[in-house]
Amino acid sequence: MASIVLKDLVKDYGKVEVLHHVAGQFEDGEFIVIVGPSGCGKSTLLRMIAGLETVSGGEIYIGDKMVNKLEPADRDIAMVFQNYALYPHMSVRQNMAYGLKLRKLPKEEINKRVEEAAEILEIKDYLDRKPRQLSGGQRQRVAMGRAIVRDPQVFLFDEPLSNLDAKLRVQMRLEIRKLQRRLGVTSIYVTHDQVEAMTLGDRLMVLNGGYVEQFGTPIELYDRPASVFVAGFIGSPAMNFMKAKINSGKIKLPNGTILNSNTQLSADITLGIRPEHVVADAKGALELEVEMFEQLGANTLVHGKLKDSDEPFVASMPGHVSEEPGTLMKFSIAPEALHMFDAKTGKRLEP
Amino acid sequence: MLKRVHFNSSLLPYLLVAPQIIITLVFFIWPASQAVYQSFLIEDAFGLSTEFVWFENFEYLMGDEIYLDSFVRTLFFSAAVAFISMSFALILAGFADRVVRGATAYRTLLIWPYAVAPVLAGALWVFMFNPTLGIFPYFLGFFGYDWNHYLNGNQAMLLVILAAAWKQVAYNFLFYLAAMQAIPKSIIEAGAIDGARPIRRFWTLIFPLVSPTTFFLLVINAVYAFFDTFGIIHAVTQGGPANSTTILVYKVFNDGFVGLDLGGSAAQSVILMLLVIVMTFIQFRYVENKVEY
């Protein structure tokens, strides 16, 4: 078990810098999710921690040891790869025992650990099969098994669920979470899926273009996104954004609608409203021309445009709602559910 | 089952395969059948008459100690060439796979020997190892080692093995490199994280994963050493000294065109032909289907 500290971490390929001064402190036993769109540098960051990519600047500590120059083998980590990276010529048992054999553990100890891990992951019946005889989900479990038998200080996950079908993904997500709780090993998990990120992580690090946009608990990120990017990335369906002006706390939308806020700011802002935070209200200030409904069963997504404007807007209503397209629906919204961001920098404006 | 498209024209398909069939018939089947026919004949010393003797030539060969010696020598030669050239190629490919900067230049240089004609390759080695002019005997002289492959049969054998292996390294290297680059990078990375150092990774991961290529090359190299090394041997030792480098294919040439024993030579070439058929069969039957990891 160990904590991980990233100090001012930089990665460049020649002149192109892909990670810009990333810093963070991951506590012992914490489940950290690094999340961001493709190309944001999240996998690179993970591979730097694993020792598979060189560090261009800054320092990485695992426990109290600086590991910048250490080989992956000496960092006491285990990693689960996106394509599982099982050794195709070895049986499941040999796959799991490989790392232990290299550590020169006694045979009985190796057997014991492999059996235990297989028990936990319910792959006991497949121990003597080759990886190619297993299904995607089973391979995934073997990859996890190979990581846990090692009993490392840190688990690293590189989008481990992205090759599974939707149902299996949800199931494995829960299992990974339970397993991590049970073993209490510090884990870093990379994904581009914000639902995975929200459900798994104790804390999330949102990366965008090589910069850390925000680092905090899932609820912090949802309730108080630090930037337009985080606000749009976290939450499904995505937050509605519109340009607006705020004058002494009164928000004026492009179509003239006035909303009350709980601040006294005056600025040009980007206003963010989560679809699930609007409430149908005959006296509401927000007026929406309905274009389409998406019936999801438990709730209904109302797609439309704000009255007298081209601003698209999505509202999520509980239960079944059905109106003719073209109807005008009215919504109200609580002042504390309004997110205001600086129009230029995209940074959150605090009340 | 494959679905086939049927055309009504009955002539067109035959016309289309005709060039291939004609070439095969004229250049392969006909000479081969001539060799088989000749192997049943014995000519008199002056070439004036021939006699049809069925399997007498083969019977003679089976009892001929010189031939059996040559057979054993060929097996040794072939195994040595395959082993040396494949191990070198494997090591070089292992390094080339890790090279990042200048990789193309490195690989191109390693492929060059393959473009050298066998006789020229032989000539190069003859010059390097010439007992009076060559640079290697000169250096070996410093260590008190007397190199003269014109007199020492073992040295002559070593020299043709080295020359033949050197020439084949490039070919093996290409196949090994391609096989190594086909291994997913993440498997090697997983090995690194599991605690395996580069050499350990090479033996426990890369080497087993390129084993299909190893089996394939084993057959190819055996065939190469059996048949395509004639030029090298002819240029370097001409089978000597005292037959110590006369492998089967060289003996076919020597007995037939120097010794003018056409029937005996044809019988030897028929045996060689059977060997190739067996090896090709092994390759198709076992190597390409059965090797799996």
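Above: the structure in question.
For clarity, every value in this text was computed on a predicted model and none was experimentally measured.

A. Up close: the overall build of chain B. On a plain count of helices and strands, chain B comes out with 13 helices and 2 strands. Dimensions along the principal axes, computed over C-alpha positions, put chain B at roughly 75 × 75 × 30 Å. Of all 293 residues assigned to chain B, the portion counted as buried reaches 40%. In chain B, 67% of the contacts between residues at least 6 apart in sequence involve partners at least 24 apart. On chain B, roughly 17500 Å² of surface is accessible, and the fraction owed to carbon and sulfur atoms is 70%.

B. A look at the sheet that holds strand β3 (residues 31-35) of chain A. Residue and element names in this part refer to chain A. Spatial strand order, β6-β7-β8-β3-β9-β10: 6 strands in an open sheet with mixed pairing. What marks the edges here is a single partner per strand, and that holds for β6 (77-80) and β10 (211-216). Here the average twist between neighbouring strands, direction ignored, is 15°.

C. A look at the layout of surface pockets. Residues and elements named next belong to chain B. Counted as a void, the largest pocket has a volume near 1300 Å³. Forming the walls of the largest pocket are 35 residues, and the residues nearest its centre are Arg-98, Lys-185, Ile-188, Pro-198 and Arg-201. Broken down by secondary-structure element, the contributors of at least two residues to the lining of the largest pocket are α3 (65-98), α7 (153-181), α8 (185-194) and α9 (198-209). Looking at the lining of the largest pocket residue by residue, the classes come out as 19 nonpolar, 5 polar and 11 charged.

D. Local environment of the packing of α3 of chain B against helix α10 (residues 211-228) of chain B. All names here are of chain B. Between α3 and α10, the shortest axis-to-axis distance is 9 Å and the interhelical angle comes to 135°. One finds that α3 runs oblique with respect to α10. Relative to α10, α3 is oriented so that their crossing is right-handed. On α10, the residues that touch Thr-74, Leu-75, Phe-77, Ser-78, Val-81, Ala-82, Ser-85 and Met-86 of α3 are Thr-214, Leu-217, Leu-218, Asn-221, Ala-222, Tyr-224, Ala-225 and Phe-226.

Thresholds applied
- Residues numbered from 1 in each chain as written.
- Chains lettered and ligands numbered in written order.
- Predicted model: local features only at pLDDT ≥ 70, side-chain atom pairs only at ≥ 80, totals over all residues.
- Heavy atoms only, no water.
- Helix = DSSP H or I, 4+ residues; strand = E, 2+ residues; numbered from the N terminus.
- Buried < 20%, exposed > 50% of the residue type's maximum accessible area, 1.4 Å probe, protein only.
- Contact = heavy atoms within 4.5 Å.
- Areas by Shrake-Rupley, 256 points an atom, 1.4 Å probe, with all protein chains shown as cover.
- Pairing = 2+ DSSP bridges.
- Axes fitted to C-alpha atoms, helices over the stretch in contact; angles between N-to-C directions.
- 1 Å grid on protein atoms, 1.4 Å probe; cavity = no way out; pocket = protein on both sides within 12 Å on 5 of 7 lines; lining within 4 Å.
- Points joined across faces, edges and corners; volume = space filled by probe spheres on them.
- Nonpolar A, V, L, I, M, F, W, Y, C, P; charged D, E, K, R; others polar.
- Parallel < 35°, antiparallel > 145°, perpendicular 65-115°, else oblique.
- Left-handed = near helix turned anticlockwise from the far one by under 90°.

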